[in-house]
Amino acid sequence: MTKRAVIVGAGIAGLSTALRLRQAGWEPVVVERTPGRRSGGYAVTFGGLGYDAAERMGILPELAKHHITHDDMHYVRPDGTTRFTVPGETVRALLSRRAFNILRGDIEDVLYRAVRDDADIRFATTVTAIEQNPNGVEVALSDGSGETADLLVGADGLHSHTRSLVFGPERDHLLDLHHVVGVFVMDRRPDFLTEGATASLTSRGRTVAVISLGDDRAAAFFGFRTGDVARDLAAGPQATLPEVFGDLGWLVPDLLARLRTAESVYYDTLSQVVLDRWSDGRVVLVGDAAWCVTLFAGYGSSLAVGGADLLGTALQQHSDITTALARWEAELRPEVRRKQKLGRRVKGLYAPADPFRLWLRDLPLRTAALPPVSYLLKRRLQLAG
Ligand SMILES: Cc1cc2nc3c(=O)[nH]c(=O)nc-3n(C[C@H](O)[C@H](O)[C@H](O)COP(=O)(O)OP(=O)(O)OC[C@H]3O[C@@H](n4cnc5c(N)ncnc54)[C@H](O)[C@@H]3O)c2cc1C
């Protein structure tokens, strides 16, 4: 009999799990809380496990169409003058040959188009209760219906509701890295920024950047260290970002003005998810819900797709679901541990609080064109491949 999985969340982890399970002969039902597809987001590096998985799943050619070629990275002072520029050629050499620079929303879109005809995807729906029995898992949904499945996959992101229902409260599993980020998409790229280029300003524990997303679009990025994440999140981006960044010059006043009318702003804490197991019986977590590594590691999308692919393989190889889940976790854990460690290490480099540390951080970037420095940077940021 065809096995059935209910997948909570239609982000990168949920859609790649649906696609991979479909390829393994399963019947996936995806429930997504939002009323429709989300779009946009930020540019991410997609490589490593994710790249290999995308190749096996047959979506690599589509992803390749959305690659945004990197160009110059400009580092500026609070008054807008340039401190130094890493030329596009050097930036491109840092990216592995088996990796893309791609919009998060474009990865999601490619996955959605690959799976939408073969999966039952229900928007504006979530899970309200989960009950396991020896033969399956009973899932109650917010539209009043219910599903019986062989497997329930929680792919509902950093603040996973599935995780709370099955593994306990969020506060027990989030490791706070004491930073908050706010990101939004602008429909026009600032004139001085060539396609694929980035410009950023770091000053006293704060980083603000504009990142070209291709097609004349750009993302505005604000990230800062904070001693009180809960207060800053509760106050929201419209109050907090002007308060934290309001004294800076350069493009900052313009970006803060655009923030006021931005259609949607991604605004959240940077926290890792640390769980000592990713499954309980027939319930399994994938993606940020299970192991969020944070943007500091630059690998969350790659892990989401890579983890989904390995999950599908394990379920194909072992008919007993708990055995499959245990084997899958044992295979994936070392990579997640390595990337979480990288995330915690890079945290200190993101928005250094004092000028000397900033200077130290930038030293390898200033000299990145030199082959030995480029080699060391790739190793330190785990970009090799
Ligand atoms: C600024 C920034 C830069 C990043 N840079 C990189 C990078 O360079 N490289 C990289 O690989 N990764 C990067 N990442 C991380 C990457 O975007 C995520 O790790 C990845 O998208 C994880 O996807 P996910 O599907 O697990 O979670 P999400 O994208 O959060 O998706 C979860 C989905 O579940 C839905 N949902 C939530 N709750 C419910 C519910 N109760 N019921 C039903 N549905 C629900 C949500 O609406 C959403 O659609 C970055 C992240 C940020 C914020």
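Before any of the text, the structure's been laid out above.
All values derive from a computational prediction rather than experimental measurement. (Residues numbered from 1 in each chain as written. Predicted model: local features only at pLDDT ≥ 70, side-chain atom pairs only at ≥ 80, totals over all residues. Heavy atoms only, no water.)

### Here's the deal with the sheet that holds strand S8 (residues 127–133)
One open sheet accounts for 3 strands, arranged S8-S9-S10; its pairing is antiparallel. Strands at the two margins of the open sheet, each flanked by one partner only, are S8 and strand S10 (146–149). Averaged over all adjacent pairs, the angle separating strand axes in this sheet is 20°, with direction ignored. For strand S9 (residues 136–141) and S10, the ladder comprises 4 bridges, and the chain directions are antiparallel. Looking at S10, one finds that Val137 is bridged to Ala149. (Pairing = 2+ DSSP bridges. Helix = DSSP H or I, 4+ residues; strand = E, 2+ residues; numbered from the N terminus. Axes fitted to C-alpha atoms, helices over the stretch in contact; angles between N-to-C directions.)

### Remarks on the packing of aromatic side chains
Any two aromatic rings considered together are summarised by their centre-to-centre distance and by the angle between their planes. Applying the stated criterion across every chain, the model contains 13 aromatic pairs. Between Phe356 and Trp359, the aromatic rings sit 6.0 Å apart at their centres with planes inclined by 20°, giving stacked as the arrangement. Note that Phe356 and Trp359 are positioned in helix H13 (residues 355–366) at a spacing of 3 residues, about one turn of the helix. Overall, Trp359 belongs to the partly exposed group, its relative accessible area being 42%. Among the aromatic side chains, those forming a connected cluster through ring pairs are Phe184, Phe222, Phe224 and Phe245. Over the ring of Tyr299 we find Lys339; its NZ or CZ atom is 4.2 Å from the centre of that ring. (Phe/Tyr/Trp six-rings, centres within 6.5 Å; stacked < 30°, edge-to-face > 60°. Buried < 20%, exposed > 50% of the residue type's maximum accessible area, 1.4 Å probe, protein only. Lys NZ or Arg CZ within 6 Å of the ring centre and 35° of its normal.)

### Describing the sheet that holds strand S17 (residues 279–280)
Ordered by their spatial adjacency, 6 strands build an open sheet running S7-S2-S1-S11-S18-S17, and the pairing between neighbours is mixed. Across the chains shown, the open sheet's two edge strands, defined by having one partner strand only, are strand S7 (120–122) and S17. Direction of pairing for strand S1 (residues 4–8) relative to strand S11 (residues 151–154): parallel, over a ladder of 4 bridges. The residue of S11 that forms the bridge with Ile7 is Val153. Of the strands in this sheet, S1, strand S2 (27–31), S7 and S11 touch helix H1 (residues 12–23), which is tilted by about 170° from S1. (Contact = heavy atoms within 4.5 Å.)

### A few points about the pairing of strand S3 (residues 43–46)
Residues of S3 alternate between two faces, with Val44 and Phe46 buried on one and Ala43 and Thr45 left unburied on the opposite face. Two strands pair when backbone bridges link them, and S3 and strand S6 (residues 100–103) are joined in this way by 4 bridges, in the antiparallel orientation. Paired with Ala43 across the bridge in S6 is Leu103.

Purely geometric stuff here, so don't read any function into it on its own.
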